[in-house]
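So the chains spell out like this:
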Amino acid sequence: MTSSQSPVTSPEMDPGIWSQLPEVLLERILSFLPLRNFLSLRSTCKHFKSLIFSPSFVSKHSSPSSSSSLSSFLLSHPHFHLYYPLYDTILKTWRTLRLSVSPLLSCAPSGPHLLSVSHGLLCFSLPNSSSFLVYNHLARSSRVVEFPEHNFAFELLTLVSSPNGYKLFMLGSSSGSSNKAFVYDSRLHLWHQFDRVDSVLGDNFLQEGVSYHGYLYFTTPEPFSIVCFDLESGKWEKLMTELPGQLTFARLVSKGDEKLLLIAGIGQHGISRELKLWELNEGNWVEIERVPETMCRKFMSICYHNYEHVYAFWHQGLICLCCYTWPEILYYKVSRGTWHWLPKCPSLPEKWSCGFRWFSFIPELHASV
């Protein structure tokens, strides 16, 4: 090209051509935009915004192989404010989740408290406004759910999401309602109040209820047993299945509605010497694995017999065991039958010795708030 020649530029496409393009092709073309770019574009047009619910867009961005997918362990701590370390279990690297979009989160004087995570939805408490905030980080959408009553104290809050909405479960008390169970139904935007089991759940407030076939399952302190709460009827039941012997603590984990598992300490006089894993099979607990001795000794030294600090959860083929006072995760890889430690996040200060809460975080664009 000589200096006298003008650079060749591509002619602009006639807007009329775009307007005549079949809708299914337009949706397919736009579905290939990076998710972050599309979420910015959708605010320019109602039709673009509606495309996030089109089959082509959903199939591309909901696929586990999609570059926009993310499967992570999320770490919460009282010193974090609007950002949370993530360990990406797909890319094997650390990231940071920043929650700077919602004004309600950024304006909370004492900072939001992350309480529960389920299928891409995060539930925060906003104590100064007597409400919860259910938040979808990927879709940048949120909903404020007011407490059932003012001056309300709650515990064991559990977020249970489904394709049709979500429910919030908790035990609560106030001046007018003590010793009650409360369930919020996002489809009706209503709280329902039910009786609770008196003192049967003890003081283990770190382990959420475990969702399995429409029930929330909880373990009780000694003498150990399992109780469940029907999220529809509000009725409590006791699981009439004999637990393994010599338990020192017990935690439940569920793989959706496919499996209910028990991970527990075995020992005498309240001191664990072993850690074992069982699966509920036709009404019986069948032992499937035990933690290697060296890993068991390390975990026992971490919690130092304070088993109320221990909690567990399922994360995409991993059974995770954690301690409130330790920034690592002991996890079991089901497909390989092997145990591993997730190392400490490199950005964590050494002085933090407690307050570590891990969650399974799998963002979903279409998880409705």
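Our subject is the structure listed above.
Everything numeric here is computed off the predicted structure, so don't read it as measured data.

Undergrad: Which residues make up the sheet that holds strand 4 (residues 113-118), and what values do they have?
TA: An order of 4-5-6-7 is seen for the four strands of this open sheet, with the pairing classed as antiparallel. Looking at strand neighbours, the two that pair on one side only are strand 4 and strand 7 (141-146), the edges of this open sheet. Neighbour-to-neighbour, the strand axes of this sheet turn through a mean angle of 20°, independent of strand direction. For strand 5 (residues 121-126) and strand 6 (residues 131-136), the ladder comprises six bridges, and the chain directions are antiparallel. Bridge assignment links Leu122 to a residue of strand 6, and that residue is Tyr135.

Undergrad: Can you tell me about the sheet that holds strand 21 (residues 318-323), naming the residues and giving the values?
TA: Taken together, four strands build an open sheet; the order of strands is 20-21-22-23 and the sheet is antiparallel. Among the strands making up the open sheet, the edge pair consists of strand 20 (310-315) and strand 23 (338-342). Shown here is a sheet whose adjacent strand axes are inclined to one another by a mean of 25°, direction ignored. Pairing analysis gives five bridges linking strand 22 (residues 326-333) to strand 23, with the strands arranged antiparallel. Note that in strand 23 the partner of Tyr331 across the bridge is His340. Where helix 7 (residues 293-303) meets the sheet, it contacts strand 20, strand 21, strand 22 and strand 23, and its direction lies at approximately 40° from that of strand 23.

Undergrad: Any details on the pattern of salt bridges? Residues and values, ideally.
TA: Inspection of every chain in the model, using the stated rule, returns 12 salt bridges. Of the charged contacts, one joins Arg290 and Glu274 as a salt bridge, the two residues approaching to 2.7 Å between their closest N and O atoms. Of this pair, Arg290 sits in strand 19 (residues 284-290) while Glu274 is found in strand 18 (residues 271-281), placing the two residues 16 residues apart along the sequence. Arg290 sits in the partly exposed class, given a relative accessible area of 38%.

Undergrad: An account of the side chain of Thr89 is needed here, citing residue identities and associated values.
TA: Take Thr89: it is sitting in the loop between strand 2 (83-88) and strand 3 (93-98). Excluding residues that lie within four positions of it along the chain, Thr89 makes contacts with Ser71, Ser72, Phe73 and His315.

Undergrad: Provide a residue-level description of the pairing of strand 3, including the pertinent values.
TA: Working note: regular strand, side chains alternate between the two faces of the sheet. In the sheet, strand 2 pairs with strand 3 via six bridges, with the strands oriented antiparallel. Paired with Tyr84 across the two strands is Leu97, which belongs to strand 3. Once strand 2 ends, the chain turns through four residues before running back antiparallel as strand 3, passing Lys92 with a positive phi of about 60°.

Undergrad: I'd love a proper account of the side chain of His315, names of residues and values included.
TA: Here His315 shows up in strand 20. Among the polar contacts listed, one links the side chain of His315 to the side chain of Ser360, at a separation of 2.6 Å. Not counting residues within four places of it along the chain, the set of residues in contact with His315 comprises Ser71, Ser72, Phe73, Thr89, Cys320, Ser360, Phe361 and Ile362.

Undergrad: Go over the packing of aromatic side chains with me, naming the residues and quoting the values.
TA: In total, this model carries 24 aromatic pairs according to the counting rule given. Between Phe132 and Phe154, the ring centres sit 5.1 Å apart and the planes meet at 70°, which makes this aromatic pair edge-to-face. One end of the pair, Phe132, is in strand 6; the other, Phe154, is in strand 8 (residues 153-162), and 22 residues separate them in sequence. A relative accessible area of 0% places Phe132 in the buried class. By relative accessible area, which is 27% here, Phe154 ends up partly exposed. With 6.0 Å between their ring centres and 40° between their planes, Phe218 and Trp236 make a pair best called tilted. One end of the pair, Phe218, is in strand 13 (residues 215-219); the other, Trp236, is in strand 15 (residues 236-238), with 18 residues separating them in the sequence. Taken as a pair, Phe218 and Trp236 share a single burial class, namely buried.

About the thresholds
- Residues numbered from 1 in each chain as written.
- Predicted model: local features only at pLDDT ≥ 70, side-chain atom pairs only at ≥ 80, totals over all residues.
- Heavy atoms only, no water.
- Pairing = 2+ DSSP bridges.
- Helix = DSSP H or I, 4+ residues; strand = E, 2+ residues; numbered from the N terminus.
- Axes fitted to C-alpha atoms, helices over the stretch in contact; angles between N-to-C directions.
- Contact = heavy atoms within 4.5 Å.
- Salt bridge = Lys/Arg side-chain N within 4 Å of Asp/Glu carboxyl O.
- Buried < 20%, exposed > 50% of the residue type's maximum accessible area, 1.4 Å probe, protein only.
- Polar contact = N/O pair within 3.5 Å; in protein donor to acceptor, adjacent residues only side chain to side chain.
- Phe/Tyr/Trp six-rings, centres within 6.5 Å; stacked < 30°, edge-to-face > 60°.

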